[in-house]
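Observations on the model geometry
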Amino acid sequence: MKTTLTLFTRYFCKRVSQQALSVLLSLSLIGIPLPAQAEELSEYTLKALFLYNFATFTAWPNRSMDNFHLCIYGKDPFGQGIDSLMKSKKINERMIDIDRISDVTQLRQCQLVFISSSALANLDDVVDAIKDDPILTVADSPGASKQGVILNMNVKDEKVTFEANLTMARKAGLNLSSQLLRLATEIHQ
């Protein structure tokens with residue numbers, strides 16, 4: 001499945017502030033047309049950009065780590081594209097490391113964990129393993145936010161949307177920005 005994002009947004013991703021990028025992505029989410037010459041991006045390229053914005057608009061309690069660890073648990077649907085997208089970006093002035101994880105005991109090193117659909121059978125184990133840690137969990141599977149995932153992406157009418165589980169975010173000690181929450185299609189409290 002292809003999801004559209006404009007050349008304008010892609011060109012300026014490296015040049016505009018994080019807030020401006022968020023506004024551009026927000027406009028595309030709510031259906032406001034962006035400048036012409038749309039280019040097709042894959043669903044998971046767009047979802048990788050969402051992961052970046054989720055991290056940008058989340059506040060973590062202080063943890064002394066040199067880099068920001070974005071982890072993919074289960075089969076990686078992003079491929080090497082996420083590595084190239086994130087190599088020049090920073091979260092809170094920290095470089096982003098992409099870690100592919102297959103063991104739940106390794107998840108505690110992460111600040112953000114994307115739980116792929118191949119790992120959903122272990123979702124309870126994942127949520128239990130990191131329930132007391134400040135880790136932002138993200139998935140893209142129906143009903144995942146009701147099962148304890150903090151942010152769950154969906155595709156509707158060729159647009160990526162997401163729902164938020166504020167109860168789980170608070171338990172993890174994370175603060176999701178009001179700018180981010182305004183874009184959520186559903187908020188579980």
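Here the structure is a predicted model, which is why all the values come from computation and not from measurement. (Residues numbered from 1 in each chain as written. Predicted model: local features only at pLDDT ≥ 70, side-chain atom pairs only at ≥ 80, totals over all residues. Heavy atoms only, no water.)

**Structural notes on the sheet that holds strand β12 (residues 186-188)**
In space, the eight strands of this open sheet follow the order β5-β6-β4-β7-β8-β9-β10-β12, with mixed pairing throughout. Strands at the two margins of the open sheet, each flanked by one partner only, are β5 (90-91) and β12. Across the sheet, helix α3 (residues 43-56) lies against β4 (68-73), β5, β6 (94-101), β7 (112-115), β8 (136-139), β9 (151-156) and β10 (159-165), angled at about 145° from β9, the strand it touches most. (Pairing = 2+ DSSP bridges. Helix = DSSP H or I, 4+ residues; strand = E, 2+ residues; numbered from the N terminus. Contact = heavy atoms within 4.5 Å. Axes fitted to C-alpha atoms, helices over the stretch in contact; angles between N-to-C directions.)

**Regarding the confidence of the model for the protein**
Looking at the protein, pLDDT values average 82 and 78% of them are 70 or higher. pLDDT under 50 marks residues 1-24. Its contacts with residues more than four places away, or in other chains, come to 50 contacts. Confidence drops under pLDDT 50 across residues 26-38; counting only partners more than four residues distant or on other chains, this segment forms 21 contacts. (pLDDT = per-residue confidence, 0-100.)

**Considering unusual backbone geometry**
The residue Asn-92 is not glycine, and still its phi comes out positive at about 50°. The backbone phi angle of Glu-93 is positive, close to 65°, even though this residue is not glycine. Residue placement: Glu-93 occurs in the loop between β5 and β6. Using a relative accessible area of 69% as the deciding quantity, one classes Glu-93 as exposed. (Buried < 20%, exposed > 50% of the residue type's maximum accessible area, 1.4 Å probe, protein only.)

**Quick word on the environment of Ser-102**
Position of Ser-102 relative to the elements: it lies in the loop between β6 and β7. Separated by 29 residues in sequence, Ser-102 and Tyr-73 place their C-alpha atoms 5.8 Å apart.

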